[in-house]
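# Geometric and topological summary
Each chain, written out:
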Amino acid sequence: MRIRATVAAVTGALALSAVAAPVATAAEPKVPANVAAALDAATDGTSAFATAAASYPLDASFSNVKVNSGKDVVLGTTATVKVPVSFTLTHGADVDIHAADFVAAVQLYRGASFGDSFSDFTSTDATCTDSSATVASCKATVAIDPFYLFNDDADAWKAAAFAVAYNGEDPDDPENPDNIGVVVKDPTNSFRLLRLSKLTVNAAPEPVKKGKTITVTGELTHANWDNSRYIGFGNQSVVLQFRKKGTTNYTNVKGIKTRTQGKLVTTVKASIDGYYRFQFKGTPSTAPVTVAGDFVDVR
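Report follows, based on the coordinates. These numbers were taken from a predicted model, which means no experiment stands behind them. (Residues numbered from 1 in each chain as written. Predicted model: local features only at pLDDT ≥ 70, side-chain atom pairs only at ≥ 80, totals over all residues. Heavy atoms only, no water.)

### Description of the nonpolar core
What counts, and what does not: In this text, buried Ala, Val, Leu, Ile, Met, Phe, Trp, Tyr and Cys residues form a nonpolar core when linked through side-chain atoms within 4.5 Å. With a 1.4 Å probe rolled over the protein chains alone, any residue whose accessible area is under 20% of its type maximum counts as buried; one over 50% counts as exposed, and the rest are partly exposed. The contact rule is simple, with two residues in contact once any of their heavy atoms fall within 4.5 Å.
Phe-87, Leu-89, Phe-102, Leu-108 and Ile-144 are the most contacted members of the largest nonpolar core, which has 37 residues in total. Those residues within four positions of Leu-108 in sequence are excluded, and the remaining contacts are Val-67, Ser-119, Asp-120, Phe-121, Val-142, Ile-144, Trp-157, Lys-158, Ala-159 and Phe-191.

Next comes the structure, spelled out in structure tokens:
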């Protein structure tokens, strides 16, 4: 879920103060407000829980945190993408990570820190499998709906991992917040959130006589998260490639640039049967794409 909010500590209780869209679903873990306070304290170089509101430092730690198996996360204009996250959770023997009110999760965010982010999505509560009495391998998913993204969100993002042991306390209205254990690791790693790109190709005429001109056209577009549409991506470098019939490897023919609206037009001389395609290597904010080849029969 994307949240534009500040998680704040409330005297005598733990509360999550947020303006969120959409409303949190039951699958999303509750994040206690003192997580933010603990993060602020850690950032200041003080004890992580020295200024945290009514909690104790949970005896647990995170390692091997992975977002989307280490690959960029790419989104189009409408489809929600479920991003896999995984991590190793090491904990004290007295920490019951399988308790019904134990939460371990990952938050993906854009901003200075987990406690000071302006765009974020939180994973489902992780499912953990014990590899020993004190070590577990955990997996979760983060659902990202592009409806809640803007073009400037195509950037470097970070991940933070957190765990909360409620120990019988009501997450919404704890009677004794001192019983709640919290641990946070921020950041764990970084990744890129990219706009999906699309590419087309058409080589004509077909068939064509040997030595005649083949015109290869196409269009490069990418997701516009500001209005949930695909728009032409102009002034971008694209490579025309060719694969001879009966072979598997493409070779570069020439480099060209897209026109203002992302249109592509170039020409080549017909020589042998084969496939023409365009390849776009991407930008820091838009994902790369390669279109399937278009066959031309040369006679």
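### Some points on unusual backbone geometry
Formally: We count a stretch as a helix when DSSP gives it H or I for four or more residues in a row; a strand needs E for two or more, and each element gets its number in order from the N terminus.
For the bond running from Asp-186 to Pro-187, omega is -10°, close enough to zero to count as cis. Relative to the elements of secondary structure, Pro-187 occurs in strand E14 (residues 181-195). The amide bond that connects Ala-204 to the next residue, Pro-205, takes the cis arrangement and shows omega of 5°. Among the structural elements, Pro-205 can be located in the loop between strand E16 (202-204) and strand E17 (213-224). If you check the backbone angles, Asn-68 has positive phi at about 55° while not being a glycine. Relative to the helices and strands, Asn-68 is located in the loop between strand E6 (60-67) and strand E7 (73-75). Notably, Ser-228 is not glycine yet its phi reads approximately 60°, a positive angle. Among the secondary structure elements, Ser-228 is positioned in the loop between E17 and strand E18 (229-232).

### Some remarks on the pattern of salt bridges
This is how the line gets drawn: Whenever Lys or Arg places a side-chain nitrogen within 4 Å of a carboxyl oxygen from Asp or Glu, that contact is recorded as a salt bridge.
Scanning all chains against the criterion turns up six salt bridges. The salt bridge partner of Asp-72 is Arg-192, with a shortest N-O separation of 2.8 Å. Here Asp-72, found in the loop between E6 and E7, pairs with Arg-192, found in strand E14; they are 120 residues apart in sequence, far enough to count as distant. Where Arg-110 meets Asp-153, a salt bridge forms, and the shortest distance between an N and an O atom there is 3.0 Å. Taken together, the residues Arg-110 in strand E9 (residues 102-113) and Asp-153 in the loop between strand E12 (135-144) and strand E13 (156-165) connect sequence positions 43 residues apart. We note that Arg-110, like Asp-153, is buried.

### Some points on the pairing of strand E19 (residues 237-244)
Cut-off, in case you're wondering: Any two strands with at least two DSSP bridges between them are considered paired.
For E19, the tally of buried residues reaches six of eight residues, placing the bulk of the element in the interior. Note: E19 against strand E20 (residues 251-257), six bridges, orientation antiparallel. For Gln-241, the partnering residue across the bridge sits in E20 and is Asn-252.

### Topic: the state of the cysteines
In plain terms, the rule: Any cysteine sulfur atom paired with another within 2.5 Å is treated as part of a disulfide.
Scanning all chains against the criterion turns up one disulfide. Residue pairing for Cys-128: its cysteine sulfur links by disulfide to Cys-138, the two sulfurs lying 2.1 Å apart. Here the disulfide of Cys-128 and Cys-138 is right-handed, its torsion about the S-S bond being about 110°. With Cys-128 in strand E11 (residues 127-130) and Cys-138 in strand E12, this pair connects stretches of sequence that are ten residues apart. Cys-128 sits in the buried class, given a relative accessible area of 14%. For Cys-138, a relative accessible area of 2% puts it in the buried group.

### Considerations on the packing of aromatic side chains
Just so we agree on the cut-off: Aromatic pairs are defined between Phe, Tyr and Trp rings, using the six-membered ring for Trp, whenever the two ring centres lie within 6.5 Å; interplanar angles under 30 degrees are classed as stacked, those over 60 as edge-to-face, and all others as tilted. In this scheme, Lys NZ or Arg CZ marks a charge over a ring once it lies within 6 Å of the ring centre and within 35 degrees of the ring normal.
Summed over all chains, the structure comprises eight aromatic pairs. Ring centres 5.4 Å apart and planes at 70° place the aromatic pair Phe-62 and Phe-87 in the edge-to-face group. Remark: Phe-87 occurs in strand E8 (residues 81-91) and Phe-62 occurs in strand E6; sequence separation between them is 25 residues. We classify Phe-62 as buried; its relative accessible area is 6%. With a relative accessible area of 2%, Phe-87 lands in the buried category. Residue placement shows Lys-198 over the ring face of Tyr-230; its charged tip is 4.2 Å from the ring centre.

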